[in-house]
Amino acid sequence: MAPVDNPPGAREGGRDATAAALLPLLGGAGNLTSVTNCMTRLRVTVLDPSAVRRAELRALPGVLGVVEDGPALQIVLGPGAVAKVAPELARHLEPVTAQALAERGAAIRAGHKARNATPVKRFLRRIAQIFVPLIPALIGCGVVAGLAGLLANLHRLPALAAALTACASGFMSLIAVFVGCNTAKEFGGTPVLGGAVAAVIVFPGVERVSVFGERLSPGQGGVLGALAAALLAAHVERWCRARVPEALDVLLTPTVTVLVAGLATLYGLMYAAGAAAGAIGGFTDRLLANGGAAAGFVLGGLFLPLVMLGLHQALIPVHATLIEQQGHTVLLPILAMAGAGQVGAALAVYARLPRNGSVRRTVRSALPAALLGIGEPLIYGVSLPLGRPFVTACAGGAFGGGFVGLLGQLGDPVGSTAIGPSGWALFPLLSGSHGLIRAVAVYGAGLLIGYAAGFVLTYAFGLSRASLRELNAERGTPGA
């Protein structure tokens, strides 16, 4: 790879150096229109995708993978690193004139319109953008809730347990407001107006309102209701902005937005969203009770492709709804088995390629993150490039998911009190109908089955004879 010149002021080996190294490979500051990040990925939108030096970008130390989606790039850096690099890279954003955007963007849109115009794809991406910023709080509150539950079960320090419960429950009691703010922001409205309308859902006084002969209850509809309410508020606000005279806009637009969207929330959205949330919870319960093994097998086997495409975050509203209703989501421990299959597949690749030092080093460097549920490094660095190991990794996850689903079907469901972590990192967040120890045992056994199935299937079928001959040619230090 050609050497990359760092701009002045880049600090060697630090986050500035990583951001500075990425900048020219992305076409320079003038080619960037946005820089955001999720748990593991740096999400960058560029004006001209042809200016991106893809080969050098993938070869850059610290870059674990690159996913392209037209002018949008997802650069996998891993947890921690991405949170430090994103703001440093964002500092280099330059203002782009409307004329420059029009001239350079017209050609780009023409070439990528068909691929990126899928309504479902755009919608899922926007839903993910609403919930991803909430994940750190969900994780933190979930861990604190687990500690509070542990103290309560052990009958120790009741005063501290109550305090921890308050710390964990505050955010969850108002999560609808945060969802409303993010929804309005994502769909072109004012965040505080989206939050104000969503706050109607959690206001205790709604119990005095009757709809279809039934009294509403605070929190009815949960995050789904908040999402719908804030989405409506954003549309009403944009409609008002386009029609209300500027002199009256500051008074009329927020009033009409809160009034129209608020009343629609009370007399329709809360009831409908509550029914939808109840259907999600009921469907999940029936799924585990009647077809847990089959459902777990399918979910565990299909989750890695969703992670590869970045679509797994579309499940966040479902997880959040289940946590609101039941205190945990039973889907996450099943889906986490996909990571176990990936780990087993990577270990089999390591064992089958004793003379390929490069692949073995990649496996060793990515394995710790994979054990903690961060699967992208192994996906993009090992299994997906090799082809068959990705399929056998999915199969390993299917067996692990099938086991956890079967135990749920037999009366031992395992849930997670928060979303975000996976793998070993999910242990502190587990809960179950028969106590924490049983939940840990079921989940741990599922991981072991996923590891074993992924390893055996990959060892036996993951690499063809031709691939073994090619990949086991002398490359690097044997066994390195």
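What you see is a predicted model, and the numbers here were worked out from it, not measured in a lab. (Residues numbered from 1 in each chain as written. Predicted model: local features only at pLDDT ≥ 70, side-chain atom pairs only at ≥ 80, totals over all residues. Heavy atoms only, no water.)

(A) The arrangement of the nonpolar core in detail. The biggest cluster of nonpolar side chains holds 67 residues, and the ones touching the most others in it are Phe-131, Val-179 and Tyr-443. The element best represented in this core is helix 15 (residues 357-371), accounting for six residues. Setting aside anything within four residues of it in sequence, one finds Val-179 in contact with Ile-130, Phe-131, Leu-134, Val-223, Ala-226 and Leu-227. Membership of the second largest hydrophobic core comes to 24 residues, among which are Val-44, Val-52, Val-82 and Leu-89. (Core = buried A, V, L, I, M, F, W, Y, C linked by side-chain atoms within 4.5 Å. Buried < 20%, exposed > 50% of the residue type's maximum accessible area, 1.4 Å probe, protein only. Helix = DSSP H or I, 4+ residues; strand = E, 2+ residues; numbered from the N terminus. Contact = heavy atoms within 4.5 Å.)

(B) Up close: unusual backbone geometry. Unusually for a residue other than glycine, Leu-157 sits at a positive phi of about 45°. Checked against the element boundaries, Leu-157 lands in the loop between helix 6 (135-154) and helix 7 (158-173). In this structure, Phe-212 takes a positive phi of about 55° despite not being glycine. Position of Phe-212 relative to the elements: it lies in the loop between strand 5 (210-211) and strand 6 (214-215).

(C) Region of interest: empty space enclosed by the protein. On inspection of all chains with the given rule, the structure shows one cavity of 30 Å³ or more. Taken as a whole, the largest cavity encloses approximately 40 Å³ of empty space. Lining the largest cavity, in full, are Ala-336, Gly-339, Ala-340, Val-343, Ala-370, Leu-371, Gly-373, Gly-423, Leu-447 and Tyr-451. For the lining of the largest cavity, the secondary structure elements donating two or more residues are helix 14 (337-352), helix 15 and helix 18 (436-461). No other element matches helix 14, which puts three residues into the lining of the largest cavity. In the lining of the largest cavity, the residues fall into seven nonpolar, three polar and no charged. (1 Å grid on protein atoms, 1.4 Å probe; cavity = no way out; pocket = protein on both sides within 12 Å on 5 of 7 lines; lining within 4 Å. Points joined across faces, edges and corners; volume = space filled by probe spheres on them. Nonpolar A, V, L, I, M, F, W, Y, C, P; charged D, E, K, R; others polar.)

(D) Fine view of the state of the cysteines. The tally for this structure, following the rule as stated, stands at zero disulfides. Distance from the sulfur of Cys-141, which forms no disulfide, to the nearest cysteine sulfur (Cys-167) is 8.5 Å. Looking at Cys-141, the relative accessible area reads 13%, which means it is buried. (Disulfide = S-S within 2.5 Å.)

(E) Quick peek at the packing of aromatic side chains. Within the structure shown, the criterion is met by five aromatic pairs. Ring geometry for Phe-212 and Tyr-271: centres 4.9 Å apart, planes at 65°, overall edge-to-face. With Phe-212 in the loop between strand 5 and strand 6 and Tyr-271 in helix 11 (residues 246-309), this residue pair connects regions lying 59 residues apart in the sequence. What makes Tyr-271 partly exposed here is its relative accessible area of 31%. Considering the side-chain rings of Phe-427 and Tyr-443, the 5.2 Å spacing of their centres and the 85° angle between planes classify their relative orientation as edge-to-face. Pair noted here: Phe-427 is in the loop between strand 7 (414-416) and strand 8 (430-432) and Tyr-443 is in helix 18, with a separation of 16 residues, a long-range link. Using a relative accessible area of 0% as the deciding quantity, one classes Tyr-443 as buried. The side chain of Arg-352 reaches across the aromatic face of Tyr-459, ending 4.7 Å from its centre. Positioned above the aromatic ring of Tyr-350, the side-chain terminus of Arg-360 is 3.8 Å from the ring centre. (Phe/Tyr/Trp six-rings, centres within 6.5 Å; stacked < 30°, edge-to-face > 60°. Lys NZ or Arg CZ within 6 Å of the ring centre and 35° of its normal.)

(F) Geometry of helix 15. Across its 15 residues, helix 15 extends 21 Å between first and last C-alpha, which sits within 8% of the 21 Å expected from 1.5 Å per residue. Maximal helix bending in helix 15 amounts to about 30°, located at Ser-365; proline Pro-368 follows within four positions. Every buried residue of helix 15 is accounted for by Gly-357, Val-359, Arg-360, Val-363, Ala-366, Leu-367, Ala-370 and Leu-371. Lining the buried residues of helix 15 we find helix 14, helix 16 (376-386) and helix 18. By the N-cap criterion, in which a side-chain oxygen at the helix start approaches the backbone nitrogen of a residue two or three places on, helix 15 is capped by Asn-356, the distance to Val-359 being 3.0 Å. Among the residues trailing helix 15, Gly-373 stands out with phi positive, at a value near 95°. (Expected span 1.5 Å × (residues − 1). Bend = angle between axes of the 7 residues up to and from the residue. Polar contact = N/O pair within 3.5 Å; in protein donor to acceptor, adjacent residues only side chain to side chain.)

(G) Here's a closer look at the side chain of Ser-383. Among the secondary structure elements, Ser-383 is positioned in helix 16. Accessibility expressed as a relative area gives 4% for Ser-383, which makes it buried. Those residues in contact with Ser-383 that lie beyond four places of it in its chain are Gln-342, Leu-378, Pro-389 and Phe-390.

(H) Quick look at the environment of Gly-292. Within the secondary structure layout, Gly-292 lies in helix 11. We classify Gly-292 as buried; its relative accessible area is 0%. Gly-292 sits 116 residues away from Gly-408 along the chain, and the two C-alpha atoms are 6.2 Å apart. Each residue touching Gly-292, except ones within four places of it in the same chain, is listed here: Leu-287, Gly-405, Leu-406 and Gln-409.

(I) Quick peek at the packing of helix 14 against helix 15. Helix 15 packs onto helix 14 with a crossing angle of 160° between their chain directions and a minimal axis gap of 10 Å. The angle between the axes of helix 14 and helix 15 places the two elements in the roughly antiparallel class. Both helix 14 and helix 15 take part in a crossing whose hand is left-handed. For the pair helix 14 and helix 15, the contacting residues are Val-343, Ala-346, Leu-347, Val-349 and Tyr-350 in the first and Val-359, Arg-360, Val-363, Arg-364, Leu-367, Ala-370 and Leu-371 in the second. A class-by-class count of the residues in the contact of helix 14 with helix 15 yields 10 nonpolar, no polar and two charged. (Axes fitted to C-alpha atoms, helices over the stretch in contact; angles between N-to-C directions. Parallel < 35°, antiparallel > 145°, perpendicular 65-115°, else oblique. Left-handed = near helix turned anticlockwise from the far one by under 90°.)

(J) Focus on the sheet that holds strand 3 (residues 65-69). In spatial order, the strands read 1-2-4-3; together these four strands make up an open sheet with antiparallel pairing. The sheet is open, and its two edges are formed by strand 1 (32-37) and strand 3, each paired on a single side. Each strand of the sheet is rotated relative to its neighbour by a mean of 20°, with strand direction disregarded. When strand 1 meets strand 2 (residues 41-46), the two strands line up antiparallel, connected through five bridges. The residue of strand 2 that forms the bridge with Ser-34 is Thr-45. Sitting on the sheet, helix 3 (residues 81-90) touches strand 1 and strand 2, and the angle it makes with strand 1 is about 160°. (Pairing = 2+ DSSP bridges.)

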